[in-house]
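Take a look at the letters that make up each chain.
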Amino acid sequence: LLALLGTAQSPAQLTATSYATNFVVAGSLYSFDVYAQRTGANLIRVGTSNFIVNTNRAGLSPIGMTLTNVNQKFTAPGTTNGDYAEMRVDTIIGAAFTGKVAVTIRFLGNGDFGTGQLLSNATGTPPGERICTVNMPIINPSLTAALTWDVVNSALTDSRSQPVTN
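Residues numbered from 1 in each chain as written. Predicted model: local features only at pLDDT ≥ 70, side-chain atom pairs only at ≥ 80, totals over all residues. Heavy atoms only, no water.

What follows concerns the environment of Thr144. Following the sequence through the fold, Thr144 ends up in the loop between strand S7 (129-137) and strand S8 (148-149). For the pair formed by Thr144 and Arg57, sequence separation is 87 residues and the distance between their alpha carbons is 10.0 Å. (Helix = DSSP H or I, 4+ residues; strand = E, 2+ residues; numbered from the N terminus.)

Take a look at the structure:
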C-alpha cells in the first residue's frame, strides 16, 4: 500500500489599504480620488476589485457620473497586456439610487490567465497609487456629500481571486 502525503500551503497574506481622498467641489461637480496601497510584504497583482463609497443621494446625482484620471495599468485600452476590461463607475441600486457608488476594476486575464499588474506600495502623499477620480454632479449645493468608505462591500482581490485584507 502506497500513500502519498502532500502539504497544503496556505496562501500568502495579502494586505492593502483602499481609500478616498482629494475631495473637490468645482462649480456643480463634486470629485474625489480612489487610492489603493499595498501595505504588506507580499506583492499584489490586482484582480477584479470593487471600491465602494456611500454618498448623500439627496446632494449628489449618479446621472452624468464619470471617471477621469483612470490608472492605465488597470483598464482597457490603456493596459498593454490585455488583462483588464474598461474600468467602470456604477451605482448600486435597488428600487432607487441608494447613494452607493462603485468603481470596478475588471480583470480578464486576457484568456490566458494573465498575471495582472502590481499594486504599488509607494509611501508618498497620498500613499499608494490613484485608481481613478470619480466626478458626480451636485444636485443640491446646500447639502454635504457625506462620503464614507463602504468597508463591508468594497473588495480588493488579486489576479487569482484571492482576497486582500484591507
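Additional details are given in the paragraphs that follow.
Time to look at unusual backbone geometry. Trans is the common state for peptide bonds, and a negative phi is the common state for residues other than glycine. Pro126 follows Thr125 through a cis peptide bond whose omega is -5°. Mapped onto the fold, Pro126 is located in the loop between strand S6 (97-105) and S7. Positive phi values are uncommon outside glycine, yet Asn69 reaches one of about 50°. Locating Asn69 in the fold gives a position in the loop between strand S4 (66-68) and strand S5 (88-93). The exposure class of Asn69 is partly exposed, given its relative accessible area of 43%. (Buried < 20%, exposed > 50% of the residue type's maximum accessible area, 1.4 Å probe, protein only.)

Take the sheet that holds S4 next. Spatially, four strands are ordered S1-S2-S7-S4 in an open sheet, and the strand pairing comes out antiparallel. The sheet is open, and its two edges are formed by strand S1 (16-26) and S4, each paired on a single side. Across the sheet, the axes of successive neighbouring strands diverge by a mean angle of 25°, strand direction being ignored. Note that S1 and strand S2 (residues 29-38) share nine bridges and pair antiparallel. (Pairing = 2+ DSSP bridges. Axes fitted to C-alpha atoms, helices over the stretch in contact; angles between N-to-C directions.)

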